[in-house]
Amino acid sequence: MTKVPQPFDSITAHRPVSEHTNPYERVFVSRLMMTDFRSYHQSQLELVGKQPMVVLTGNNGAGKTNVLEAISYGAPGRGLRGASLGDVGRAGGGPWSVALQLNLKNSEIAETVKVGTGQDPARAANDPEDDSSKPMQRRIVRIDGQTASNTSALGDRWSISWLTPQMDRLFIEGPSSRRRFLDRLVLCLFPDHSRQISAYERTMRDRNRLLSEQGLSADGAWLSALEARMAEHAVAVAVARLEFAGQIAGQIEATQDGPFPKAELAFDGWLENALADGARPVDLETHYRDRLASERRQDARSGRTSTGVHKTDFIVTHAGKNMRADLCSTGEQKALLIGLILANARLQIVLKGQAPLMLMDEVAAHLDADRRAALFEELAALGSQCWLTGTDRNLFKSLMGKAEFFEVANGVIQPCAV
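This one's a predicted model, so the numbers in the text were calculated from it and none came from an experiment.

**Considerations on the overall build of the chain**
Point 1. When its secondary structure is counted, the chain shows nine helices and 16 strands.
Point 2. Relative to the 2.2 N^0.38 estimate, which gives 22 Å for 418 residues, the radius of gyration of the chain is 22 Å and therefore close to what a compact globule would have.
Point 3. Taken over the C-alpha atoms alone, the chain extends approximately 70 × 50 × 40 Å along its principal axes.
Point 4. For the chain, the proportion of its 418 residues judged to be buried stands at 53%.

What follows is the structure, encoded as structure tokens:
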């Protein structure tokens, strides 16, 4: 296990955060339309957009989280639930779609961007994100009417960050949950990260299938080509993870002590650790390719790849207590998680000049009054819009006059007087 330095010296100097220079400080949703999405047949939500906070209240199962999930598809990847595209549509409905009107603003410039995304009824070949053979499993993205080549385009000019109740178990579940959490944060700074992960996993599946079906009698040249591609994508993934972790570690270190404890970060992963120890990416590609070749026999027997970025664990420690997060109390784990989400938002302000759009699902219910007030204050201060959900409107009393409030019931979203 390698502790992330604070701050970490970039492996690839001056690596760009995005292909585009981002002049906007704030991101707001002014309109949301959902068609056959989860519990919604057709629904449209209009926002005034003058307040930085939006509060959705309603009973459990009313559809509040579905609204946040729809907005989360304005970012690269699989949304805040990580669901397959075929599981997102309304039962008995057609292909689902989500349309967002985003307002990008700073003190001098304002721009409206229209984003549409959803299932493509005619699934194209060579899908970069889903190699499923099932129909209607390709996600299409259009920005201002222009079809994007992949979902990474959604991360070029804005980012979206979220926190859900399912993430509360992050530190006590297996490494895969922490990897997904880390990679979602990395995406906010490096939109191409999802494409690199998808390409790595797709190539790894091809190699595993070839070894499982043909063993060591498989075409050596084809295996070598697959392993070379795996190495290229794996090192790119590891570099992005390490660079991001070093940046956020520096941001955490620079932040004053507050209600959300500071975290120390570490990796337990062969490629990330090698990079942190000074290996050059180009040399590590060669080393990993050779290692994959040497592990063919055991991988053929097991049916899986023994070594790679799909095995990495992301370790978080409560710095003040010098205690791993999985050993902390439930309340401390929640506070650590919120602290990481806020640190990531502040990091984006520093590096991109823009705070992410924030989606906070049922976050207020499990915080004491002081931490709840501190969270609301920090979210409002970030600058971009923040969406909050809860069953009890009383938890949001302090936001009266500072937020737009909506009531969600029976698949209907209505503004409510406060």
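**Some words on the packing of helix α2 (residues 175-189) against helix α8 (residues 330-352)**
When two helices pack together, their arrangement is given by the angle between the helix axes and the distance between those axes.
Point 1. The contact between α2 and α8 brings their axes to 10 Å, and the two run at 20°. Comparing their axes, α8 and α2 come out roughly parallel. The interaxial crossing formed by α2 with α8 has right-handed handedness. Contacts between α2 and α8 involve F181, L185, C188 and L189 from the first element and L337, L340, I341, N344, L347, Q348, L351 and K352 from the second.

**Section: α2**
Point 1. Taking 1.5 Å per residue as the helical rise, α2 with its 15 residues ought to reach 21 Å, and the 22 Å between its terminal C-alpha atoms agrees with that figure.
Point 2. Burial of α2 is extensive: 12 of the 15 residues sit out of reach of the surface.
Point 3. Listed in full, the buried residues belonging to α2 are S177, R178, R179, F181, L182, D183, R184, L185, V186, L187, C188 and L189.
Point 4. Each element contacted by the buried residues of α2 is listed here: β9 (160-163), α3 (193-214), α4 (220-254), β10 (263-268), β11 (313-318) and α8.

**Notes on the sheet that holds strand β8 (residues 146-147)**
Point 1. Read across the sheet, six strands follow the order β3-β2-β5-β6-β7-β8 without closing on themselves; strand pairing throughout is antiparallel. Unpaired on one side and paired on the other, β3 (40-46) and β8 mark the two borders of the sheet.
Point 2. Across six bridges, the pairing between strand β2 (residues 26-37) and β3 is antiparallel. Directly across from L32, in β3, lies its bridge partner L45.
Point 3. Across the sheet, helix α1 (residues 64-72) is in contact with β2, β3 and β5 (97-105); its angle to β2 comes to roughly 115°.

**Brief notes about helix α9 (residues 369-382)**
Point 1. Here α9 is 14 residues long and its end C-alpha atoms lie 20 Å apart, about the 20 Å a rise of 1.5 Å per residue gives.
Point 2. Next to the buried residues of α9 lie β4 (53-57), α8, β13 (357-360) and β14 (386-390).
Point 3. With a side-chain oxygen lying 3.2 Å from the backbone nitrogen of D370, the N-terminal cap of α9 falls on D368.
Point 4. After α9 finishes, the residue G383 shows a positive phi value of roughly 115°.

Definitions and cut-offs
Residues numbered from 1 in each chain as written. Predicted model: local features only at pLDDT ≥ 70, side-chain atom pairs only at ≥ 80, totals over all residues. Heavy atoms only, no water. Helix = DSSP H or I, 4+ residues; strand = E, 2+ residues; numbered from the N terminus. Rg over C-alpha atoms; globule rule 2.2 N^0.38 Å. Buried < 20%, exposed > 50% of the residue type's maximum accessible area, 1.4 Å probe, protein only. Axes fitted to C-alpha atoms, helices over the stretch in contact; angles between N-to-C directions. Parallel < 35°, antiparallel > 145°, perpendicular 65-115°, else oblique. Left-handed = near helix turned anticlockwise from the far one by under 90°. Contact = heavy atoms within 4.5 Å. Expected span 1.5 Å × (residues − 1). Pairing = 2+ DSSP bridges. Polar contact = N/O pair within 3.5 Å; in protein donor to acceptor, adjacent residues only side chain to side chain.

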